[in-house]
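Listed below, chain by chain, are the residues.
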Amino acid sequence: MHGQCLLQSAISRPPSSLVEKHHSREYPGPTAGLVPHSISTGVSNLSLRRSSKSILYSKFLDNGLLLPNKICFKVTPTVGWLGPRAVLASDLAASEQLVEKFDLDGQSQLQVNVVKSTAGSPTTIHLQVTNSNPSLILHWGAVNYDKKNWILPSHRPNGTQDYKKRALRTPFTKSGESSFLTIEILDTNISAIEFILYDQSREKWFKYEGQNFHIDLPRGDSGTPQKGDSGKPQVSIPEELVQIQAYLRWERRGKQIYTPEQEKEEYEAARKELQDEVAKGLSINDIREKLQGGGSLGDGSLSMKIPDDLIQVQSYIRWETAGKPNYSQEKQLQEFEEARKDLENELSKGISLADLRKKLQSGDTQKKAPDRIGKPKNIQRIHRKKRDILQMINKFPDKKENIKVSVEPEKRSALALCSQVMEALDGGSVLQKKIFKFGDKELLVLITNPRGKVHVRLATDMEGPLTLHWGLSKHSAREWTPPPLDILPEGSNLLQLACDTPFKEGFAGDASLKSVEIEIDKSSFLGMPFVLSLNGNWIKDNGSDFYFSLREKDTKPVKQAVGDGIGTAKGLLHAIAEQESEAERSLMHRFNIATGLTKRAKDEGELGLAGILVWMRFMATRQLTWNKNYNVKPREISAAQDRLTDLLQQIFTEQPHNREIVRLIMSTVGRGGQGDVGQRIRDEILVIQRNNECKGGMMEEWHQKLHNNTSPDDVVICQALIDYAKSDFNMDVYWNTLISNGVTKERLGSYDRKICSEPRFSHDQKYGLIRDLTAYLRTLKAVHSGADLESAIATCMGYSAEGRGFMGGVRIHPISGLSSELPGLLQFIMEHIEDKWVGPLLEGLLEARFELRSNLLKPHDRLKDIIFLDLALDSTVRTAIERGFEELNNAQPSEIIYFITMVLENLSLSSDNNEEIIYCLKDWHHTIDLCKSKSDQWALYAKAVLDRTRLALTEKAEHYQKVLQPSAEYLGGLLGVDQSALSIFTEEMIRAGSAASLSLLLNRLDPVLRNIAHLGSWQVISPVEVRGFVITVDELAKVQNEVYGQKTILVANRVKGEEEIPDGVVAVLTPDMPDVLSHVSVRARNSKVCFATCFDPNILDDLRAKEGKALSIRPTSSDLVYNEIKVNEVLDDSENLSQGHGVSQGIALKKKKFNGKYAISADEFSDELIGAKSRNIAYLRGKVPSWVRVPVSVALPFGVFEKVLSEDMNKGVAEKIEALDKLVAKGDFSKLHKIREIVLQMNAPSQLVGELKDKMQRANMPWPGEEGEERWLQAWMAIKRVWASKWNERAYFSTRKAKIDHSDLCMAVLVQEIISADYAFVIHTTNPSTGDSSEIYAEIVKGLGETLVGAYPGRAMSFVTKKSDLNQVKVLGYPSKPIGLFIRQSIIFRSDSNGEDLEGYAGAGLYDSVPMDEEEKRTIDYSSDPLVVDHNFRRSILSKIAQVGHAIEELYGSPQDVEGVVKDGEIYVVQTRPQM
């Protein structure tokens, strides 16, 4: 079957017909229809239907017209191109008999067709040899009815020579990949022909089972020629001329689509036209010349026409420019004619046909304004199923529970420990160090160079008399020469070319070991070869002599680990490093060792698998040696891969929470496979060399490399050779393919079997090489490229190649249980794999991944093949997206958003914990709906979704950084990996996935949305005009305790929301998005610090570039303006700052004392007993509108903590706190955490328990102890956590900055029944961003308010409203917080200190409020949240919140900071304080 490829069988599509490729350009010859097509030299060709009979070609060399005998129409665009082309067939069904097909050498096939004689025509034999060389000859003769010897027919094809008067020799005509020959037999007494084939270039004969080929000839009913209508005998016209004339008739009549009967009629009409011309006196040669010139006979016109191959190229250009659309048959023909008109217009301008050909081939051709052509309107698309995407969620427990971190490496052997002693003795000057393992015994080779001498130490734990048989290499490596007498160790015996030295007992003080030590002048010798003799047996290095170089330039310093290994599976990483010297011998060794280490990593959880991934990634990126002088069979490498991937398949099934990291490991390993799959690498290169006569030079060097040790580099080399051949042997193309894929000239020369030569082929070898190398590439990919799409599809869908020697009789069965729709999807994908408009392709890829998903989630004996197919589809999505960026250059926002949804789908299908990604996807779908409905809020909502998606990507990147980077740096240090590769290890891992593509799409959409929503580049949170020097920091939290001596503008990459602003800082500018009402935002406004979020990365880059420069910053109503200023304009202010001018002299607190009560009710609240928080909430009761609810409260007043601490039961706790407090006062802030831990050890006096129970029950609050002792202990722990927060870092440094005496700080505890809130809000009754007192500003989040005021990422929903019209609410921003906190009906214990809400110092939010029960974190689905999607509900709730704020401000007569919640549509206020 010609043109059939592995992929076609895999997806169960009928094999395609053979299609020729034009000799001057990589476009096939003309055929009917504008049909994009894969060239049939071994690559996929899914677009043509196979005809019922083999296609025969005639080639008229002067104009390159290739004419198959069957019209083939197909409309689906695929990888390559096939221009408009028509082919007409004779009535073969009536007259032609397919005699036989013969396999010649596993690559070529002989096909014989016989047309029996009829009235007016002779018997005709058509011979076709596929995949042939140009030098093919038919050695033949005829057989008479009654004779055995050959007779030589008088009528012979052109070029026939008489061979010794016993046979005829006729050359075949080469056309594309096949050779053709037609023989006409006029003698009626000839009953058969016999022949053999001879390939002159290879000096090879082809016979049939050792005998001649024998073809019996059918005869017509009459032995006399039939007469035509005129009564004259009809002349036999060569069939190739009839075909050309029939084609020209078809073209002249508008290229109609003929029925088989019409085809027959047209063919015979063409024959008659030519016979009529002969009857008029025109010779066959005359006819041939006229047809060669482009004219047809019978239409009165023999004028020149534009060659079809040029029209075909122009058609391709038009089709490509239009975006490779799916054309109907009629449209295809129209396009072909339009292409003809384009070229005729060019010719009419005076350009010659030769110049036109040159322009087309150089690509300088007339196109239809490609830059102005948009996306084709009628693009073929698959039908996407509607799915509940929530069913796609993968959610696993926190992976911390599954991680076993090995803090220390395994116990090291005595030999390794003693080696460390000797290394230290020599000052760490280690040149080489290696430990060889022989069963449970070891041999250490340690080479150091202290004091200009080379010390060689060999030590072992082997038992029995052991001798070192050694020499030195002076002139060449591995040379054996005897060592000088003056360096021989004691007891040595000098031989002719070597020396025997016995090992002596002891090494580095360990008597259980034995050793030899040699000191050598390093300038005199190259290296040291040796072997060991134990009990008369030689011990070698895998059959070879041991050899160590003594030259410093040949040795690498012994590698050292970086860091302490925290956050890694440290013991596993050391085990990897110890076995690397064995692993680098070959890929077989590496994969076998990896299998053993992966078994161990499986039990160490995510960090263990991370270690394996890092190691395999180092291997895949060529940071490690693939082969070191070891000959290994490809099937052995393949089998080793197979064992490793079998184990990874098992882990994938058993540890679903680690599937993502297992996928990443598998993508670095390749598929592997037992038996033939690997061995074919070795066998098929021999077939390629034999078939194409390329047994020397580069091909022989590659052959030797493949036989010695195949590797993934061979995929690149093979592709480079294919590209080289296709480019008509352009060497630049060869090197470009190699280098762009990381295979440099130096790397080729680094293999054990070096490749030093460049390929050199002749033109005659071109097509055979392309065919064979393309097939070979599939074999290489099947072993090495797990993510290669074509081989992955073939493996899953099944294929066989029996009867084709090149594939060695391989049979791969289809995987059972796959979706019935999958083959069609995969077919669609391969047909559209290179479409310019990638949207339909992406849809097909994602639909295929969805169809595969159910198979990935359950055990299967061929699960790894399914995983590799999914990896290949995932990889193809990424490459398609990258190709599709051009498509989005002038795209509408909705188109970019659609691309974003598809990339998110792909990312969700590749991620373990994908819940947040799925909800982002839902939000984007809702965004598309809003955009379609032309909502005036859609861009503002989309901006929030975009911000949330960025947070999801950031979280994923941080997880990769946390899990992978420590292992990369630690293991990389042990293995000596280049530092530049280590520093970007995680970054490159992320860049290789869908997350990077998604980030680029978000960056493209962001400015578009900000422009539509009128958001500008800044959000100013604290509008203060300042001057200062720019300093860039990574995280604000890392510098919050610093004191800057001059006015400083911090550009902070990360701001969480609960940090302190350092002393000396006048501005904080960040790309992060803390809430306007978060703790850090409030503190910035209180401290008169400019605080703003920048959305434009270019502006941020510009600010970072101004590091150390003086700037002035001036916020406006909607922007922030900065300018460079003179240094002295800042220094004057900074000098005042350093001298203490304007700095607070401190705030004195009145220390509170225990008043004798452990608990008090709300009506007992006073400023002596509790803080402002408790007093304010009590004051509200009965004074706010009746529809505003205020929860009941009780409190543990000031002094209770100190009283409980002084009890005898807590004496030990008090002493520890006192001691640690003194250390903190001296600057040891690490003890703050310890104090908090010790506070939690306090015991509760019974009187406290009793009083608190009484007060709570009197207030109708549930008493925790009623549910059991355990519930009370939970409540007591929550109370202690509130007290302990007095020593949290942010509070301690804040009070220290404000010069508040920490010992004077007292902590009351407000006790409230917690409301299980639907939403929580914070109101500022004066707009904090603008200072506008006529506006109320508020923020609202889903669930509890801690996500709003605490360090939770994302933004709350924000809105403003005028106090004059509280029903007119303006939403400023939609929510982007991914997490909401929810809790059961419970009790909350709130901090209420005497250090809050002071004049000049707010102190709010510094101390903890702790619920008795733990909050539940839930991922928020905003696409179904009524506050987001229901306009009426949103207006109602937000208006009520604004009314609450206004009412409380009216009550207090001053701007208020109000906190509350919404439950079932009702408003609860939980606290209020003056707005600072």
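Up top is the structure these notes are about.
Residues numbered from 1 in each chain as written. Predicted model: local features only at pLDDT ≥ 70, side-chain atom pairs only at ≥ 80, totals over all residues. Heavy atoms only, no water.

1. Examining the pairing of strand β16 (residues 441-448)
So, point 1. Of all 8 residues that make up β16, 7 are buried, and the element is covered over most of its length.
So, point 2. Bridge count between strand β15 (residues 430-438) and β16: 8 bridges; the pairing is antiparallel. Within β16, the position partnered with K433 by the bridge is L446.
So, point 3. Once β15 ends, the chain turns through 2 residues before running back antiparallel as β16, passing G439 with a positive phi of about 65°.
So, point 4. Of the pairings in the sheet, the one linking β16 to strand β17 (residues 454-460) comprises 6 bridges and is antiparallel in character. Across the sheet, L443 pairs through a bridge with T460, a residue of β17.
So, point 5. As consecutive antiparallel partners, β16 and β17 are separated by 5 residues, and within that stretch R451 has a phi angle of approximately 55°, a positive value. (Buried < 20%, exposed > 50% of the residue type's maximum accessible area, 1.4 Å probe, protein only. Helix = DSSP H or I, 4+ residues; strand = E, 2+ residues; numbered from the N terminus. Pairing = 2+ DSSP bridges.)

2. Things to note about the sheet that holds strand β33 (residues 1110-1115)
So, point 1. A sheet is described by the order of its strands in space; here 7 strands give the open sequence β28-β32-β31-β30-β29-β33-β34, paired in mixed fashion. At either margin of the open sheet sits one strand with a lone partner, and together these are β28 (1018-1022) and β34 (1120-1124). The mean inter-strand angle of the sheet, taken between neighbouring strand axes irrespective of direction, is 35°.
So, point 2. Note that strand β29 (residues 1026-1035) and β33 share 4 bridges and pair antiparallel. For F1029, the partnering residue across the bridge sits in β33 and is A1110.
So, point 3. Lying over the sheet, helix α31 (residues 1079-1086) contacts β28 and β32 (1090-1094), oriented at roughly 65° with respect to β28. (Axes fitted to C-alpha atoms, helices over the stretch in contact; angles between N-to-C directions. Contact = heavy atoms within 4.5 Å.)

3. Points about unusual backbone geometry
So, point 1. Backbone geometry places K934, a non-glycine residue, at a positive phi of 60°.
So, point 2. At K1088, a residue that is not glycine, the phi angle is positive and equals roughly 55°.
So, point 3. Among the structural elements, K1088 can be located in the loop between α31 and β32.
So, point 4. For K1088, a relative accessible area of 57% translates into the label exposed.

4. With respect to the pattern of salt bridges
So, point 1. For the structure on display, the rule yields 68 salt bridges.
So, point 2. Residue K1157 pairs with E1164 through a salt bridge whose shortest N-O separation is 2.5 Å.
So, point 3. Here K1157 falls in the partly exposed class, since its relative accessible area comes to 35%.
So, point 4. Ionic pairing is found between R1418 and E1416, a salt bridge with its closest N-O pair at 3.3 Å.
So, point 5. For R1418, a relative accessible area of 37% corresponds to the partly exposed category.
So, point 6. A relative accessible area of 42% places E1416 in the partly exposed class.
So, point 7. The network of salt bridges with common partners includes R384, K385, R387, E821, E847, E851 and E905. (Salt bridge = Lys/Arg side-chain N within 4 Å of Asp/Glu carboxyl O.)

5. Quick notes on the pairing of strand β22 (residues 510-520)
Strand residues, when the strand is regular, have side chains that alternate between the two faces of the sheet.
So, point 1. Of the strand pairs in this sheet, β17 and β22 are connected by 7 bridges, and their pairing is antiparallel. The residue bridging V456 from the neighbouring strand is I518, located in β22.
So, point 2. As paired strands, strand β21 (residues 504-507) and β22 are joined by 3 bridges and run antiparallel to one another. Residue pairing for β22: F507 is matched across the bridge by D510.
So, point 3. Taking the residues between adjacent antiparallel strands as the criterion, β21 and β22 are bridged by 2 residues, where A508 takes a positive phi near 55°.

6. What about the sheet that holds β21?
So, point 1. Taken in spatial order, the 5 strands make up an open sheet running β15-β16-β17-β22-β21, and their pairing is antiparallel. With one partner strand each, in any of the chains shown, β15 and β21 form the two edges of the open sheet. Direction aside, neighbouring strands of the sheet carry axes that sit 30° apart on average.

7. Examining the packing of aromatic side chains
So, point 1. Within this structure, the stated rule accounts for 28 aromatic pairs.
So, point 2. With a centroid separation of 5.6 Å and 70° between ring planes, the pair formed by F618 and F985 is classed as edge-to-face. Remark: F985 occurs in helix α29 (residues 985-991) and F618 occurs in helix α12 (residues 605-620); sequence separation between them is 367 residues. Like F618, the residue F985 is buried in the burial classification.
So, point 3. Put simply, the rings of F1201, W1263, W1272, W1276, W1283 and W1287 touch in pairs and so form one group of aromatic residues.
So, point 4. For K1183, the ring lying beneath its charged end belongs to Y1179, and the centroid distance is 4.6 Å.
So, point 5. R1418 extends its terminal NZ or CZ atom over the ring of F1382, reaching a point 4.3 Å from the ring centre. (Phe/Tyr/Trp six-rings, centres within 6.5 Å; stacked < 30°, edge-to-face > 60°. Lys NZ or Arg CZ within 6 Å of the ring centre and 35° of its normal.)

8. What to know about the side chain of K514
So, point 1. Examined against the element boundaries, K514 turns out to sit in strand β22.
So, point 2. A polar atom in the side chain of K514 sits 3.3 Å from the backbone oxygen of M462.
So, point 3. Within polar-contact distance, the side chain of K514 engages the backbone oxygen of G464 at 2.7 Å.
So, point 4. Aside from chain neighbours lying at most four places away, what touches K514 is L458, A459, T460, M462, E463, G464, L466, F503, K504, E505 and G506. (Polar contact = N/O pair within 3.5 Å; in protein donor to acceptor, adjacent residues only side chain to side chain.)

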